[in-house]
Amino acid sequence: MNIERLHLDKTLFYALLALAAISLFVVYSGSAKDLDATLGHLLRLVLGFTVLLFVAQIRPEILERWSPYIFVAGMLLLIAVLAIGVIGKGAQRWLNLGFFQFQPSEIMKLGVPMMLAWFLARGNLPPTLPKLALGFLIMAIPAFMIFKQPDLGTALLVFGAGTFVLFLGGMRWRVIITLLTVIAIAAPFAWGHLHDYQRQRVLTLFNPEADPLGTGYHTIQAMIAVGSGGIYGKGWLNSSQAHLDYLPESSTDFIFAVYAEEFGLLGSLLMLSIYTIIVARGLLIAYLAKDTYTRLLAGSLSLTFFLYFFVNMGMVTGILPIVGVPLPVMSYGGTSIVTIMAAFGIIMSIQTHRKITE
Amino acid sequence: MLNIPIKDQFRESRVFNSRLTVIGAIVLTLILALFLRLVYLQIFAHRHFETLSQANRIKPIPIQPPRGLVLDRNGVVLAQNYPVYTLEIIPEQVDDMNSLLEELKQVVSLNEADLKAFRKQLRERPRFENILLRSNLTEEEAARLAVRRTYFSGVELEARLQRHYPLAGLGVHFLGYVGRINEQELERIDKAAYRGMQHIGKLGVEISYEKTLLGQVGFEKVETNAHGRSLRILERIAPVAGKNLTLSIDAKLQALAEQTLGQRRGAVIAMEPATGAILAFVSTPTYDPNPFVNGIDQDSYDALLNDPDKPLINRALNGQYAPGSTIKAFLGLAALEVDNFDASKPVVCPGWFTLPGSSHQFRDWKKTGHGIVNLHDAVVQSCDVYFYKLAVAMEVDAMKKFLEPFGFGAKTGVDLLNESEGLLPSVAWKKARGQPWYPGETVITGIGQGSVLVTPMQLATATATLANHGVRMKPRLVRATVDARTQVASETVPETAGQILLKKKEHLDIQIRNLMDVVHTNRGTAYGIGYNAPYKIAGKTGTAQVKGIAQGQSYSEKLTPERFRDHALFISFAPVEDPKVAVAVIVENGGHGSSAAAPIARKIMDHVILGKTAGAAAPAPASENDE
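All of these numbers come straight from a predicted model, not from anything done at the bench.

Here we look at the overall build of chain A
Secondary structure summary: chain A contains 13 helices and 2 strands in total. Counting every position in chain A, which comprises 358 residues, the buried fraction comes to 57%. Restricting to contacts in chain A with at least 6 residues of sequence separation, those with at least 24 account for 73%. Only carbon and sulfur atoms are counted for the fraction: they give 71% of the accessible area of chain A, which is about 14600 Å².

Dropping the structure here:
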């Protein structure tokens, strides 16, 4: 079968398939041989690939036309979530659609970069300062609303996706430097607005031993898992860290720790390579894309994917604070698999339709 | 399309490609960093982590801190901890949980609720942590378990501290209780701070001062063998006990007030005007918080929930009542203060009032009318017509503006969570609900009927504000937090919450004299408690209508079902020269403020001022006015 006729990109498709296959083994091990969980993961993967296949058929021109509407719809849903959340108090990220729980912030992972790419494509690059300011609002408002839910991980990713579009769109260096300066100055104030537990996570990064029962516990246990894996690993199903329950969330956010313990450095590097190939391929597609919109979108989505796995692996290996970001494709659960697959559907559409139309 | 400048495709792709190069380089660098980190962890630090992994039989075991005690102002214990035997399970040491549970059933009694709670914890907590299966084991059960313990792997018999409220229902509405941590709370709390803890404050002081009472979890690092058996303690960090709370509540006074109310539904707040310190905080009926600590059974809970007297409702904090004539204590001051009303001019009270151009009669509670009345008479005899006219002169928005500084229509800021706000209506408020404001509503607002709602807490605060010469204090239950180990107390500093700004200072003195005559002159509506009082009391009765009465009909207490009878209210402070206590009393469906509510306030004032619980025991002479 010629998968290119299905508008799939060979490199990306096989790399994603490889990740999916590995993930089934690791989820099985990480969930303490829970067959139901593994099947659930399989089901989500199938759903994800179906969405990918579907989205890849949509021509980029149509995606571009839809972009503002998708963004507006996402905003309305976010407002709905916040409104309901105020009544219910506490964290509220989901809308209950009866048959499944739906997390509107996921839409924004695609909606924000699509909207910004559409917005910057209406005019010349690099964008003027007022345009840049408006673009900044387009990503900052939904990101802030998601942060308020509160969902720091997703807010970070949405903000990241938007920032990538603006950066790739040619945001001036002096603007970037000014912004970085402002952030450096504002950081102490933002610090005051973080939840106690979020602050604790950052502090723990510098000294995990300070709080062996609390936040530091996760980091320490994850590092023990990764480190004790050594070069060759302890072998599949032999992660003592996960199976003795020292490792928290061993089939979701911390799944890489299980994998690294069982498959060692060789396994870790294999996975890192697959992720690197996917990002590199995505960036290449952005480079080859034929117009501003598709360039910005493919670039931003690929970089967001990078941010995903970098933040996750960074937190598992103890170089970043613990934020709730799943390892794309690998982690069990969450609606994120569908979003990621939809993103790759878009990237593949950009690649394959370019070839066919030209 | 014409507005879009022609795009310079070449320039655009150059901009984009240069950016792509930069970010590509950054991405590569970061991936390289991950690569190096992995190499470091898995090659260079491998032996270190391998050792840790092997020795990952060193477990941190949390030690619970004792929760702070809650005491009244005289040191009477309201909330304490007493040791109980608990049966706990360490899941990772159990081979077959189901058969273990079956065997345990032979030794101790286990009901469905215990098992359900246990299974839930089993899913949520780490497998090396103790999970509670049963608490409050009897001596016999504990002994039986102790004998057989060696046959059960992973079963622990522990002596734990459990929250206990020795005075049962006394003050439950301000004290609250602790209960098992539920799922929502688990989401909200800092899990590290609650490691090994089963309970959390649910209501009242227990939740409002959760952070103070909680303390800090300590831990032991315990070395265990491959089967999880503890071998030795490597390190111990002691827990820090939660701080004790000393309340300003006087438990004796609280008991007196609760007993006086008895089976009736009602609320009483007694407060020190100068400091805002709360001496009694009563909501009746009360209920025993002790069954809630380990999870009340559904039947008992349903019984409380479906009780027509609604004992679970905190009437003192959340009960919202029409203030009735008690509002005259405050609006009487407005009569002196506002520009468009002449308080020096007497008013004719024929027993009814009509708005110009309307035939609707607003009646006075006294059918025959009060005749010609001045402000003093109007307050003392609680003349409605006088206040109808005042209300019409002021308009509703001015009444709201005048009453706000007393603390009506907003939270008083008492140190309890979930306080209700009451309601001061205004034209804008009604408009926001899509309805126009009718002039008739202004009229009845003047006698505390209609939409205006107050909580007993607000009523007491406002009364204390009068007593305190216009300075409103924040009501406070907690007088001091005391370090359990060092006994060092940190006292709560009284806080001002607002101030009544007066045109003339004498106006307040005049109004306080009026309120004193309500109690101490034989035409006053509260003479029944004033005629024999050995100190001077200022007060105001109130009777709030529960059910509207149709035009031309009259209200008969005997013919009205109990639930539709009027609420009885009374507010007061004493001694007038140097107020020690301000009291607000509401007796639901109690009938008249003078007969149902005022005697309760008198008992409280006697207790505070005279230090005895006697007082208005002698039969009171009938007051001419019995509003």
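Section: the UniProt feature "active site" (unreviewed entry) in chain B
Residues and elements named next belong to chain B. Cross-referencing UniProt, the feature "active site" (unreviewed entry) maps to Ser 325 in the present numbering. Mapped onto the secondary structure, Ser 325 falls in the loop between helix H13 (315-318) and helix H14 (328-337). The exposure class assigned to Ser 325 is buried, which follows from its relative accessible area of 3%.

A word on helix H20 (residues 456-467) of chain B
Residue and element names in this part refer to chain B. Between its first and last C-alpha, H20 extends 16 Å over 12 residues, near the 16 Å set by a 1.5 Å rise per residue. Taking burial as the measure, the 12 residues of H20 include 12 buried ones, the bulk of the element. By the burial criterion, the buried members of H20 are Pro 456, Met 457, Gln 458, Leu 459, Ala 460, Thr 461, Ala 462, Thr 463, Ala 464, Thr 465, Leu 466 and Ala 467. Positive backbone phi, at 55°, marks His 469, one or two positions downstream of H20.

Some words on the interface of chain B and chain A
Between chain B and chain A, the contact holds 44 residues from the first and 60 residues from the second. Taken together, both faces of the contact between chain B and chain A bury some 4800 Å²; the carbon and sulfur share is 68%. Together, Phe16(B), Arg19(B) and Gln42(B) form the three largest contributors to the area buried by chain B at its contact with chain A, with a combined 16%. Connecting chain B to chain A are 0 salt bridges. Applying the counting rule to chain B against chain A returns 10 residue pairs in polar contact (both at pLDDT 80 or more). Listed by contribution, the elements that provide at least two residues to the side of chain B that touches chain A are helix H1 (9-44), helix H2 (46-54), strand E1 (58-63) and strand E8 (218-224) of chain B. With 22 residues, H1(B) is the largest single contributor of residues to the side of chain B that touches chain A. Taken together, the residues of the side of chain B that touches chain A break down into 22 nonpolar, 8 polar and 14 charged.

Let's talk about the pattern of salt bridges
All names here are of chain B. Counted under the stated rule, the structure contains 27 salt bridges over all chains. Taking the shortest distance from any N to any O, the salt bridge between Asp 384 and Lys 328 comes out at 2.6 Å. Within this pair, whereas Asp 384 is found in helix H16 (residues 384-394), its partner Lys 328 is found in helix H14, the two being separated by 56 residues in sequence. For Glu 495, the salt bridge goes to Lys 474, with nearest N and O atoms at 3.3 Å. Of this pair, Glu 495 sits in the loop between strand E19 (489-491) and strand E20 (496-499) while Lys 474 sits in the loop between strand E17 (471-473) and strand E18 (478-482), and the two are 21 residues apart along the sequence. Taking the relative accessible area as the measure of exposure, Lys 474 reaches 23% and is therefore partly exposed. Within the structure, one salt-bridge network assembled from shared partners comprises Arg 67, Arg 163, Glu 206 and Glu 210.

Section: the confidence of the model for chain B
As a note on interpretation, predicted positions should not be read in detail where pLDDT is low. Residues and elements named next belong to chain B. The share of residues in chain B with pLDDT of 70 or more is 91%, and the mean pLDDT across the chain is 87. Within chain B, H20 carries the highest mean pLDDT (97), whereas strand E9 (residues 230-237) carries the lowest (75). Taken together, the stretch residues 614-624 has pLDDT below 50 and engages in 19 contacts with residues farther than four places along the chain or on a different chain.

A look at the environment of Asn312(A)
Residues and elements named next belong to chain A. On the secondary structure map, Asn 312 appears in helix H12 (residues 292-316). Along the primary structure Asn 312 and Ile 322 are separated by 10 residues, whereas in three dimensions their C-alpha atoms are 8.3 Å apart. Excluding anything up to four places from it in sequence, Asn 312 contacts Asp 253, Phe 256, Val 325, Pro 326 and Leu 327.

Regarding the pairing of strand E10 (residues 244-247) of chain B
Residue and element names in this part refer to chain B. Burial of E10 is two-sided: the residues Asn 244 and Thr 246 facing one way and the residues Leu 245 and Leu 247 facing the other way are all buried. Bridging between strand E2 (residues 70-71) and E10 involves 2 bridges; their strand directions are parallel. Bridging from a neighbouring strand, Leu 71 pairs with Thr 246 of E10. Sheet topology places E10 next to E18; 4 bridges connect them, and they run antiparallel. Considered in E18, the bridge of Thr 246 is made with Ala 480.

So, the nonpolar core
As a rule of thumb, nonpolar side chains are buried together in soluble globular proteins. Counting 125 residues, the largest nonpolar core has Phe174(B), Phe281(B) and Tyr386(B) as the members making the most contacts within it. Domain assignment of the residues forming this core places at least three in each of domain 1 (63-247) and domain 2 (251-610) of chain B. Ignoring sequence-local partners within four residues, the contact set of Phe281(B) consists of His173(B), Phe174(B), Ile249(B), Gln254(B), Val268(B), Ile269(B), Asn314(B), Ala316(B), Leu317(B), Leu416(B) and Met457(B). Counting 118 residues, the second largest nonpolar core, distinct from the first, contains Ala15(A), Leu52(A), Leu303(A) and Leu34(B).

Observations concerning the environment of Ile22(A)
Residue and element names in this part refer to chain A. Residue position: Ile 22 is located in helix H1 (residues 10-30). As a C-alpha pair, Ile 22 and Val 329 span 307 residues in sequence and 9.7 Å in three-dimensional space. The residues contacting Ile 22, other than those within four sequence positions of it, are Tyr 259, Leu 270, Met 271, Ile 274 and Met 330.

Re the side chain of Thr412(B)
Residues and elements named next belong to chain B. Of note, Thr 412 is situated in the loop between helix H17 (396-403) and helix H18 (427-432). Polar contacts involving the side chain of Thr 412 include one to the main-chain amide nitrogen of Val 414, which spans 3.3 Å. Within the structure, Thr 412 has its side chain in polar contact with the side chain of Glu 419 (distance 2.6 Å). Filtering out sequence-adjacent residues up to four positions away, Thr 412 remains in contact with Glu 419, Met 457, Gln 458, Thr 461, Lys 474 and Pro 475.

Quick look at the packing of aromatic side chains
Aromatic ring pairs are reported here in terms of the distance separating the ring centres and the angle at which the planes meet. Summed over all chains, the structure comprises 28 aromatic pairs over all chains. Aromatic pair Phe167(A) and Trp173(A): ring centres 5.6 Å apart, planes at 80°, arrangement edge-to-face. Here the aromatic residues Tyr275(A), Phe305(A), Phe306(A), Phe309(A), Phe310(A) and Phe344(A) are joined through ring pairs into a cluster of three or more. Lying over the aromatic face of Phe167(A), Arg19(B) brings its terminal NZ or CZ to 4.9 Å of the ring centre.

A look at the sheet that holds strand E21 (residues 538-544) of chain B
Residue and element names in this part refer to chain B. In space, the 5 strands of this open sheet follow the order E12-E11-E23-E22-E21, with antiparallel pairing throughout. In the strand order of this sheet, the two ends are held by strand E12 (278-284) and E21, each with one partner. Taking each pair of neighbouring strands and ignoring which way they run, the sheet shows an average axis angle of 5°. Packed onto the sheet, helix H23 (residues 593-610) meets strand E11 (266-271), E12, E21, strand E22 (567-574) and strand E23 (581-587) and runs at close to 30° relative to E22.

Thoughts on the state of the cysteines
All names here are of chain B. This structure, assessed with the given rule, holds 0 disulfides over all chains. Sulfur of Cys 383: no disulfide; nearest cysteine sulfur belongs to Cys 349 and is 3.7 Å away. Relative accessible area serves as the criterion here: at 0%, Cys 383 is assigned to the buried category.

Regarding a positive patch on the surface
On the surface, Arg172(A), Arg174(A), Arg11(B) and Arg14(B) cluster together into a patch of positive charge. Among the secondary structure elements, Arg14(B) is positioned in helix H1. Residue Arg14(B) is classed as partly exposed on the basis of its relative accessible area, which comes to 48%.

Parameters and conventions
- Residues numbered from 1 in each chain as written.
- Chains lettered and ligands numbered in written order.
- Predicted model: local features only at pLDDT ≥ 70, side-chain atom pairs only at ≥ 80, totals over all residues.
- Heavy atoms only, no water.
- Helix = DSSP H or I, 4+ residues; strand = E, 2+ residues; numbered from the N terminus.
- Buried < 20%, exposed > 50% of the residue type's maximum accessible area, 1.4 Å probe, protein only.
- Contact = heavy atoms within 4.5 Å.
- Areas by Shrake-Rupley, 256 points an atom, 1.4 Å probe, with all protein chains shown as cover.
- UniProt positions renumbered as here; feature names shortened; annotations may be inferred.
- Expected span 1.5 Å × (residues − 1).
- Buried area = accessible area lost by both parts, 1.4 Å probe.
- Salt bridge = Lys/Arg side-chain N within 4 Å of Asp/Glu carboxyl O.
- Polar contact = N/O pair within 3.5 Å; in protein donor to acceptor, adjacent residues only side chain to side chain.
- Nonpolar A, V, L, I, M, F, W, Y, C, P; charged D, E, K, R; others polar.
- pLDDT = per-residue confidence, 0-100.
- Pairing = 2+ DSSP bridges.
- Core = buried A, V, L, I, M, F, W, Y, C linked by side-chain atoms within 4.5 Å.
- Domains from an automatic or database assignment.
- Phe/Tyr/Trp six-rings, centres within 6.5 Å; stacked < 30°, edge-to-face > 60°.
- Lys NZ or Arg CZ within 6 Å of the ring centre and 35° of its normal.
- Axes fitted to C-alpha atoms, helices over the stretch in contact; angles between N-to-C directions.
- Disulfide = S-S within 2.5 Å.
- Patch = residues over 30% accessible without salt bridge, like charges linked within 9 Å, V, L, I, M, F, W, Y side chains within 5 Å.
- Lys, Arg positive; Asp, Glu negative; His and termini not counted.
- Charge placed at Lys NZ, Arg CZ, Asp CG, Glu CD.

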